[in-house]
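The primary structure of each chain is shown beneath.
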Amino acid sequence: MNDVSQKKSRRSMVMVLGAFILPIVLAKLALTQNWLDYGVTNKGTLVENELTLEKLGLSQPALQKTWSIIYSLPQHCDDHCEQTLLSVNNSYIALGREMPRVKRVALSPNPLSPQQTERLIENSWVIISTPSLVDDFLSDTKVLVVDPLGNVVLSHKPPTNDDAQAMFGKEILADMKKLLKYSRVG
């Protein structure tokens, strides 16, 4: 082989190796350097640590074998709390034919006013006084989505201003529709 053909042969070999190795190196860099936006479709925060209704002290028969939307109420349910209850209720109603698969639960640390209790019962909410174990796991008010097996799947932080309540309700609705669509239980 002459010198020119040897150089062409090496160049061809380098190009073939580069065609196979370069995409692998780029893919590895993209994953390690977080260049890509991961396809997260849930609106709430995925609960990473195992959290169940049992750990929260909520092993109630009313909550078993159905999906649950649990709102951990603040110490005093003011207008903002009422707006959050309304947003969760509207999200529930927007589920349409999937409504029987879902229960709404209000965890109340203090007794509610008679008007609030009447309104919640009228809208078929399950009202449970907050067990002491809930305080160990939930430091502030949250809306939790629980699967029929009793596992807390998602948590949503209620917005601090009333303008964001509509978007908050839409986020819960989007998550619930997706979970109910792909769920084979409950």
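One structure accompanies this document, and this report is about it. Here the residue numbering is sequential within each chain, running from 1 through the sequence in written order. Totals for whole chains, interfaces and linings use all residues, but because this is a predicted model, local features are given only for residues with pLDDT of at least 70 and pairs of side-chain atoms are given and counted only at 80 or more. As a convention, hydrogens and water are excluded, and side-chain values are obtained from all of the structure's heavy atoms.

## Re the pairing of strand 2 (residues 67-72)
The buried count for strand 2 comes to six of six residues, which makes it a mostly enclosed element. Residues W67, I69 and Y71 line one face of strand 2 and the alternating positions S68, I70 and S72 line the opposite face, and both faces are buried. Taken together, the six bridges between strand 2 and strand 3 (residues 102-108) define a ladder with parallel strand orientation. Directly across from I69, in strand 3, lies its bridge partner R104. Note on handedness: a clockwise path from strand one over the helix to strand two, with the strands aimed away from the viewer, defines a right-handed crossover. Segments assigned H or I by DSSP are reported as helices when at least four residues long, segments assigned E as strands when at least two residues long, and all are numbered from the N terminus. Handedness of the strand 2-helix 3 (residues 79-94)-strand 3 crossover: right-handed. Note on classification: 1.4 Å probe, protein chains only; a residue is buried when its accessible area is under 20% of the maximum for its type, exposed when over 50%, partly exposed between these limits. The pairing criterion for strands is at least two bridges between them, as found by DSSP.

## So, a negative patch on the surface
Patches were defined on residues exceeding 30% relative accessible area and lacking a salt bridge, with like-charge contacts within 9 Å and nonpolar side-chain contacts (Val, Leu, Ile, Met, Phe, Trp, Tyr) within 5 Å. The Shrake-Rupley method, run with a 1.4 Å probe, gives the accessible areas here. Residue values count only the displayed protein chains as cover. Whenever a carboxyl oxygen of Asp or Glu lies within 4 Å of a side-chain nitrogen of Lys or Arg, that contact is scored as a salt bridge. When charges are tallied, Lys and Arg are placed among the positive residues and Asp and Glu among the negative ones, while His and the ends of the chain are skipped. For charged residues, the charge sits on one atom: NZ in Lys, CZ in Arg, CG in Asp, CD in Glu. Side chains of D78, D79, D162 and D163 sit close together on the surface and give a patch of like negative charge. Mapped onto the fold, D79 is located in helix 3. With relative accessibility at 63%, the residue D79 sits in the exposed group.

## Focus on the environment of V143
Turning to its location among the elements, V143 is positioned in strand 5 (residues 143-146). Exposure remark for V143: the relative accessible area of 0% places this residue in the buried category. As for V143 and R101, which are separated by 42 residues in sequence, their C-alpha atoms are 17 Å apart. Setting aside residues no more than four positions away along its own chain, V143 makes contact with I69, I70, Y71, T84, V88, L154, S155, H156, P158, F168 and I172. Whether two residues are in contact is decided by their heavy atoms, any of which lying within 4.5 Å being enough.

## Notes on the packing of helix 3 against helix 6 (residues 165-182)
Geometry is summarised by axes, namely lines fitted to C-alpha atoms with helices restricted to the contacting stretch, and by angles between N-to-C directions that run from 0 to 180 degrees. Two elements in contact, helix 3 and helix 6, have axes whose closest approach is 9 Å; the angle formed by their N-to-C orientations is 35°. The two elements helix 3 and helix 6 meet at a crossing, and its hand is right-handed. Each of H80, Q83, T84, S87, V88, S91 and A94 in helix 3 lies in contact with helix 6, whose residues at this interface are Q165, F168, G169, K170, I172, L173 and K177. Gly is placed with the polar residues, together with every amino acid not listed as nonpolar (Ala, Val, Leu, Ile, Met, Phe, Trp, Tyr, Cys and Pro) or charged (Asp, Glu, Lys and Arg). Looking at side-chain class alone, the contact of helix 3 with helix 6 contains five nonpolar, seven polar and two charged residues. Less than a right angle of anticlockwise turn of the near helix away from the far helix marks a crossing as left-handed, whereas a clockwise turn marks it as right-handed.

## Here's the deal with the environment of R184
Relative to the elements of secondary structure, R184 occurs in the segment after helix 6. The class of R184 is exposed, set by a relative accessible area of 82%. In the structure, R184 is positioned eleven residues away from L173 in sequence and 18 Å away in space, judged by C-alpha atoms.

## With respect to the side chain of H156
Inspection of the secondary structure assignment puts H156 in strand 6 (residues 152-156). In this structure the side chain of H156 is engaged in a polar contact, spanning 2.9 Å, whose partner is the side chain of D175. Excluding its chain neighbours within four sequence positions, the residues that come into contact with H156 are K43, G44, K142, V143, V145, F168, E171, I172 and D175. Each polar contact in these results corresponds to two N or O atoms within 3.5 Å; when the atoms are within protein, one needs to be able to donate a hydrogen and the other to accept it, and residues that are neighboring in sequence are counted only if both atoms are side-chain atoms.

## Observations concerning the nonpolar core
Judged by nonpolar contacts, the single largest core of 24 residues is most densely connected at L73, L85, V102 and M176. Elements that contribute at least two residues to this core include exactly strand 2, helix 3, strand 3, strand 5, strand 6 and helix 6. With residues up to four places along the chain from it excluded, the contact list for M176 reads W67, I69, L95, V102 and V145. L51, L63, I70 and L138 belong to the second-largest nonpolar core, a separate cluster that totals 14 residues. Nonpolar cores are built from buried Ala, Val, Leu, Ile, Met, Phe, Trp, Tyr and Cys residues. Side-chain atoms within 4.5 Å join them into one set.

## Observations regarding helix 1 (residues 3-32)
One turn of the α-helix equals 3.6 residues, which is why residues spaced by three or four share an orientation. Expected helix span is computed as 1.5 Å times (number of residues minus one). Over its 30 residues, helix 1 runs 42 Å from end to end, which matches the ideal 44 Å to within 8%, given 1.5 Å per residue. The angle separating two fitted axes, one through the seven residues that finish at a residue and one through the seven that start at it, defines the bend at that residue. A bend of about 30° at G18 is the largest found in helix 1. Within two residues after helix 1, N34 carries a phi angle of roughly 55°, on the positive side.

## Looking at the state of the cysteines
The disulfide definition used here is simple: a pair of cysteine sulfur atoms within 2.5 Å. All told, the structure shown has one disulfide when counted by the stated rule. Here C77 pairs with C81 through a disulfide, and the sulfurs are 2.1 Å apart. Disulfide C77 to C81: torsion about the S-S bond roughly -85°, handedness left-handed. Neither residue differs from the other here; C77 and C81 are each classed as buried.

Keep in mind that these numbers describe shape and distance, not what the molecule does.
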